[in-house]
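A closer look at the structure
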Amino acid sequence: MKKFLSVFLSALILCLLFGLGFLLKAETPSSDPVEDWRKWEPPPPKEAPQIIYEKGCQVKTIAGTVEKGFKDGPALSALFNKPIRLSQESDGTIVIADIYNNAIRTLGLDGLVTTICGTGKLGSTDGPAKSSSLSHPHAVAVGLDGKVYIGEASGRKLRVIDLSRNLITLAGSGEKGYQDGKGKEALFNTILSIAVDLGGNILACDIANNRIRKITPDGLVTTIAGTGAWGYKDGKASEAIFLMPMDLCVDKKGNMYIADIGNHCIRKIDSNNIVTTIAGKAGVVGYLDGDASRSLFYQPHGIAVNDRGEVFVADMLNHAIRKITSEGFVTTLAGTREIGFKDGEGKDARFNRPGGVMVYRDGSIIVADIDNNSLRTITVDSSKPH
């Protein structure tokens, strides 16, 4: 009996530390997938940040204001309510998952923000995209086919806006669970990120199931990594263990990179389906740049990779955007642990819970600054030594 109580108390402590409260509350589409998460954040580290800034970085706001709301129009007067994930269309149009507005928005090359899906009301109806409803869209990705794929946090479905601008459900029934299969046969727990692989398949972080799932264009769902257990383990993808995989991206070689938010580290799944940790220390929070094997993060929320193999991380609770080189060295592009809203040079710029991060077609970094309800861009002056 004592052994049982010891195990139970240990599990309870882990729940409190790493956010299972979010999962326990996310039972219905009316739950709040962002605010519930915040109630279970680990305490901040006591150690002062050790930051190595990239030189020549400039931060600029390109859409939204600190004020939350739901308003289309010129980018700098448009209003969002927690923009959280980003993607881009072939012409450079930025696609935004606006989670609390239950909408998918775009920022066009004309500088206008437009709503392309959702009415602002919580729901899960298919049909013409502008009049259909979404249930906390936390993930978005433009497919190789030009369609816009959407992952719902509380709706537990993968939806897609087709080329005729109709919204359909590709996979998931809305029921909470774990099951591979096709279309409505498949079950998800909470989809918080999606990406497109080299074959046009959709990869999804099923965070509450601690698994990475693959969805083919015709809706067949399989599991490619994770056992469902809570914890940390590298090795074969089918045996690897995650602690709430939050975001993922794919490089030009087909490698996957995962922001493992509960373990505060960055994981990689290579072409041989082997999982390794490339930065951060499992279970240790902090802010330490330098050699990736010694680096520390504090709830990495967003991740992206460029054609040079450089990985960019939205380090949410350090309120900073960080870079991991292909040689394994970590630096900071912009921000620090101090919360704020300020453009300018990277070391002076301030964010408030940066979430989604994306490498734009011109090489700049676009950031979904969640609590500032805005999109920010980071450009690097290549003439300055790093």
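Residues numbered from 1 in each chain as written. Predicted model: local features only at pLDDT ≥ 70, side-chain atom pairs only at ≥ 80, totals over all residues. Heavy atoms only, no water.

Helix and strand counts for the protein chain stand at three helices and 30 strands. Relative to its 386 residues, the protein chain shows a buried fraction of 60%. Once local pairs closer than 6 in sequence are excluded, the contacts in the protein chain between residues at least 24 apart make up 48%. Of the roughly 15200 Å² of accessible surface on the protein chain, 55% is carried by carbon and sulfur atoms. (Helix = DSSP H or I, 4+ residues; strand = E, 2+ residues; numbered from the N terminus. Buried < 20%, exposed > 50% of the residue type's maximum accessible area, 1.4 Å probe, protein only. Contact = heavy atoms within 4.5 Å. Areas by Shrake-Rupley, 256 points an atom, 1.4 Å probe, with all protein chains shown as cover.)

In this section: the sheet that holds strand β4 (residues 94-98). The strand order across the open sheet formed by five strands is β2-β6-β5-β4-β3, and the pairing between neighbours is antiparallel. The open sheet has two free edges, formed respectively by β2 (73-74) and β3 (83-88), since each of these has just one partner strand. Alignment of β2 against strand β6 (residues 112-117), held across two bridges, turns out to be antiparallel. Counted as the bridge partner of Pro-74 is Leu-112 from β6. (Pairing = 2+ DSSP bridges.)

Time to look at the packing of aromatic side chains. The final tally for this structure, using the stated rule, is zero aromatic pairs. The lysine or arginine in question, Arg-211, covers the ring of Tyr-178, its NZ or CZ lying 3.5 Å from the ring centre. (Phe/Tyr/Trp six-rings, centres within 6.5 Å; stacked < 30°, edge-to-face > 60°. Lys NZ or Arg CZ within 6 Å of the ring centre and 35° of its normal.)

Bringing the nonpolar core into the picture now. Grouped together as the largest cluster of nonpolar side chains are 17 residues, with contacts concentrated most on Ile-104, Cys-117, Val-148, Ile-150 and Ile-161. When residues of this core are traced back to their parent elements, those giving at least two are β4, β6, β8 (137-142) and β9 (148-152). With residues near it in sequence (within four places) discarded, Ile-161 still touches Ile-116, Cys-117, Ala-129, Lys-147, Val-148, Ile-150, Asn-166 and Leu-167. Counting residues in hydrophobic clusters, the runner-up holds 16 residues, among them Ala-141, Leu-158, Ala-171 and Ile-191. (Core = buried A, V, L, I, M, F, W, Y, C linked by side-chain atoms within 4.5 Å.)

Structurally, Gly-254 can be placed in the loop between β18 (245-250) and β19 (256-260). With 57 residues separating them in the primary sequence, Gly-254 and Asp-197 have C-alpha atoms 6.7 Å apart.

This brings us to the pairing of strand β26 (residues 329-335). Counted residue by residue, β26 has six buried out of seven residues, so it is predominantly covered. Direction of pairing for strand β22 (residues 290-291) relative to β26: antiparallel, over a ladder of two bridges. What sits directly across from Gly-290, in β26, is Val-330. In the sheet, strand β25 (residues 320-324) pairs with β26 via five bridges, with the strands oriented antiparallel. Looking at β26, one finds that Ala-320 is bridged to Gly-335. Joining the antiparallel neighbours β25 and β26 is a turn of four residues, in which Gly-328 adopts a positive phi near 90°.

β9 sits mainly inside the fold: five of its five residues count as buried. Because side chains alternate across β9, one face comprises the buried residues Val-148, Ile-150 and Glu-152, and the other comprises Tyr-149 and Gly-151, equally buried. Here β8 pairs with β9 via five bridges, running antiparallel. Bridge pairing in β9 places Val-142 opposite Val-148. The hairpin formed by β8 and β9 contains five residues between the paired strands, and Gly-146 there has a positive phi angle of roughly 85°. Between β9 and strand β10 (residues 158-161), which pair antiparallel in sequence order, lie five residues; one of them, Arg-156, sits at a positive phi of approximately 55°.

As a further point, take the side chain of Asp-289. Of note, Asp-289 is situated in the loop between β21 (274-279) and β22. Here the side chain of Asp-289 touches Ile-52 through a polar contact of 2.8 Å, landing on its backbone nitrogen. At 2.8 Å, the side chain of Asp-289 forms a polar contact with the side chain of Arg-322. (Polar contact = N/O pair within 3.5 Å; in protein donor to acceptor, adjacent residues only side chain to side chain.)

Confidence in the prediction for the protein chain averages 90 pLDDT; 88% of positions are at 70 or higher. Contacts of residues 1-30 to residues separated by more than four positions or lying in other chains number 36 contacts, the stretch itself having pLDDT below 50. (pLDDT = per-residue confidence, 0-100.)

So, on to the pattern of salt bridges. In total, this model carries 22 salt bridges according to the counting rule given. For the salt bridge of Glu-310 with Arg-308, the shortest nitrogen-to-oxygen distance reads 2.9 Å. For Arg-308, a relative accessible area of 61% gives the class exposed. Overlapping salt bridges, with partners in common, bring together Glu-54, Arg-308, Glu-310 and Lys-323 in one network. (Salt bridge = Lys/Arg side-chain N within 4 Å of Asp/Glu carboxyl O.)

Quick look at the sheet that holds strand β30 (residues 374-380) now. The antiparallel open sheet is built from five strands, whose spatial order is β27-β1-β30-β29-β28. Among the strands making up the open sheet, the edge pair consists of β27 (344-345) and β28 (354-359). Bridge count between strand β1 (residues 57-64) and β27: two bridges; the pairing is antiparallel. Residue pairing for β27: Val-59 is matched across the bridge by Gly-344.

If you trace the backbone, Glu-175 turns up in the loop between β11 (166-171) and β12 (181-182). For the pair formed by Glu-175 and Arg-156, sequence separation is 19 residues and the distance between their alpha carbons is 6.9 Å. With residues up to four places along the chain from it excluded, the contact list for Glu-175 reads Arg-156, Leu-187 and Phe-188.

Our focus in this paragraph is unusual backbone geometry. Unlike most non-glycine residues, Asn-102 shows phi in positive territory, near 50°. Considering the arrangement of structural elements, one finds Asn-102 in the loop between β4 and β5 (103-107). Classification of Asn-102 by relative accessible area gives buried; the value is 5%. Residue Asn-273 is not a glycine yet carries a positive backbone phi of 60°.

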